[in-house]
Amino acid sequence: MVDTGSFADVLYLDAFMKLGLTKDNLTPMALALNRFTGDSISPLGTTILPVTIEEEPRAKMIMTTFMVVDLPSAYNVILSRPTLNKLKAMSCSRQISDPHEGAVTPMRLEPPEQLTKLQLIDFLRENADVFPWSPKEMLGIDLGVTQHQLNIDPEAKLVKQRLRKIDQLVDATAGYELLTFMDAFSGYNQIRMAPQDQENTAFITSRGVYCYKVMPFGLKNAGATYQRMVDKLFKHQLGRNIEVYVDDMIMKSKTASTHLADLV
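This section reports on the structure supplied with the text. Since the structure is predicted, the reported quantities are computational estimates derived from the model, not experimental observations. (Residues numbered from 1 in each chain as written. Predicted model: local features only at pLDDT ≥ 70, side-chain atom pairs only at ≥ 80, totals over all residues. Heavy atoms only, no water.)

Section: the sheet that holds strand β15 (residues 248–253)
One open sheet holds the 3 strands; their spatial order is β11-β15-β14, and the pairing between them is antiparallel. Looking at which strands have only one partner, the edges of the open sheet turn out to be β11 (178–183) and β14 (242–245). Mean inter-strand twist for the sheet, computed between neighbouring axes without regard to direction, equals 15°. (Pairing = 2+ DSSP bridges. Helix = DSSP H or I, 4+ residues; strand = E, 2+ residues; numbered from the N terminus. Axes fitted to C-alpha atoms, helices over the stretch in contact; angles between N-to-C directions.)

Right under this line is the structure:
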C-alpha cells in the first residue's frame, strides 16, 4: 500500500515474520505512531530493509527504515511519500508506477542479504559527489566549527593534550560484522589557524617571509584540535556506528545487511 499522506514507512508484524526476521533485527524506538483512526500505537521497533522496484536491468533499490507494528491489516507494508520520492515513482492503485512511462511497475520487499563488494562499489559511485576530487573542492572547515590557536605566552607551561589510545578504538569494534576503514586525506590542512595566530607561524624562505593560514602537520596539540573537531562533527554517531581516531575512521555495522544504511 502506498499512503501519500504518511510520514513513516510501516511494516506489519506478520510480514516481518514471513521475511524470516526476529527481534534481533529490531532497533528499539520511543516514537509513537498515529493510526488512521486518530489513536496512537507504540511500534515494536525499526528495521532496515531493501525495497526494489522494476525488474533488471532497470531495477532500483533503496534501503528503507520501517516501523514494525503488531496490528491486523490487509497489507504487508505502507510506503510513505518520502520513500516514494526517493524511488522517483508515483502511486497508482496498489502498485507503483513509473512517472516517465506510465506503466505499472512491480515492487519487492526482501529480507536483508549479505552485502557484496559490487553493492558497496555501486553505493560509492552513486555518492561520488560527496567526495572532494581536487584541491579546489577542499574549502576547509568553517572557523565557527574549529580553529587552531597557539599558546605563545612565554611564561605559560606547555601541556601536551592526551589523545584517545588507538587500542580503545579497536576494542570498540568488537562484535561488529562489517567494518569500513576511511582516511581523511589532507585533513589537518582543512582546519584554519586562528587569524590572530597566523603571523606567529611565520618562516623565512629565499623568496620571502610566509606564514600558515591552515593548521600544518606537526604543531603541538594539532592532533588534539583535529580530534575535537571530529568528535564534534560525529557526536551523534560515535560509539553507535562510527569510531574516529584523529583522521582514521571506522564505520561499523552489527550486521552486514545494514552497512550501506550506516554509511548513509
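With respect to the side chain of T46
Following the sequence through the fold, T46 ends up in strand β4 (residues 45–53). Here T46 falls in the buried class, since its relative accessible area comes to 15%. Leaving out residues up to four positions away in the same chain, T46 has contacts with N25, L26, T27, M29, T65, F66 and M67. (Buried < 20%, exposed > 50% of the residue type's maximum accessible area, 1.4 Å probe, protein only. Contact = heavy atoms within 4.5 Å.)

With respect to the pattern of salt bridges
In this structure the tally under the stated criterion is 2 salt bridges. Among the salt bridges present, the one from K18 reaches D14, with a minimum N-O distance of 3.2 Å. Of this pair, K18 and D14 are both found in helix α1 (residues 13–18), 4 residues apart, which corresponds to roughly one turn of the helix. What makes K18 exposed here is its relative accessible area of 65%. Here E243 makes a salt bridge to K252, at a shortest N to O gap of 2.7 Å. Of the two residues, E243 and K252, both sit in the buried class. (Salt bridge = Lys/Arg side-chain N within 4 Å of Asp/Glu carboxyl O.)

Description of the layout of surface pockets
Roughly 1,100 Å³ of volume is contained in the second largest pocket. Taken together, 34 residues make up the lining of the second largest pocket; nearest its centre are V130, F131, P132, A184 and M249. Taken together, the elements giving at least two residues each to the lining of the second largest pocket come down to α3 (117–126), β11, α5 (222–233), β15 and α6 (259–263). With 4 residues, α5 is the largest single contributor of residues to the lining of the second largest pocket. Of the residues belonging to the lining of the second largest pocket, the class tally is 23 nonpolar, 7 polar and 4 charged. (1 Å grid on protein atoms, 1.4 Å probe; cavity = no way out; pocket = protein on both sides within 12 Å on 5 of 7 lines; lining within 4 Å. Points joined across faces, edges and corners; volume = space filled by probe spheres on them. Nonpolar A, V, L, I, M, F, W, Y, C, P; charged D, E, K, R; others polar.)

Structural notes on the nonpolar core
Grouped together as the largest cluster of nonpolar side chains are 18 residues, with contacts concentrated most on Y188, I191, M215, Y226 and M229. Secondary-structure elements contributing two or more residues to this core are α5, β14, β15 and α6. By residue number, the principal contributor to this core is α5, which donates 4 residues. Setting aside residues no more than four positions away along its own chain, M229 makes contact with I141, V145, T146 and I191. With 16 residues, the next largest nonpolar core counts L11, L21, L26 and L87 among its residues. (Core = buried A, V, L, I, M, F, W, Y, C linked by side-chain atoms within 4.5 Å.)

Some details on a nonpolar patch on the surface
Together, L124, V130 and F131 line one region of the surface with nonpolar side chains, adding up to about 270 Å² of accessible area. Along the polypeptide, V130 turns up in the loop between α3 and α4 (166–171). What makes V130 exposed here is its relative accessible area of 55%. (Patch = residues over 30% accessible without salt bridge, like charges linked within 9 Å, V, L, I, M, F, W, Y side chains within 5 Å. Areas by Shrake-Rupley, 256 points an atom, 1.4 Å probe, with all protein chains shown as cover.)

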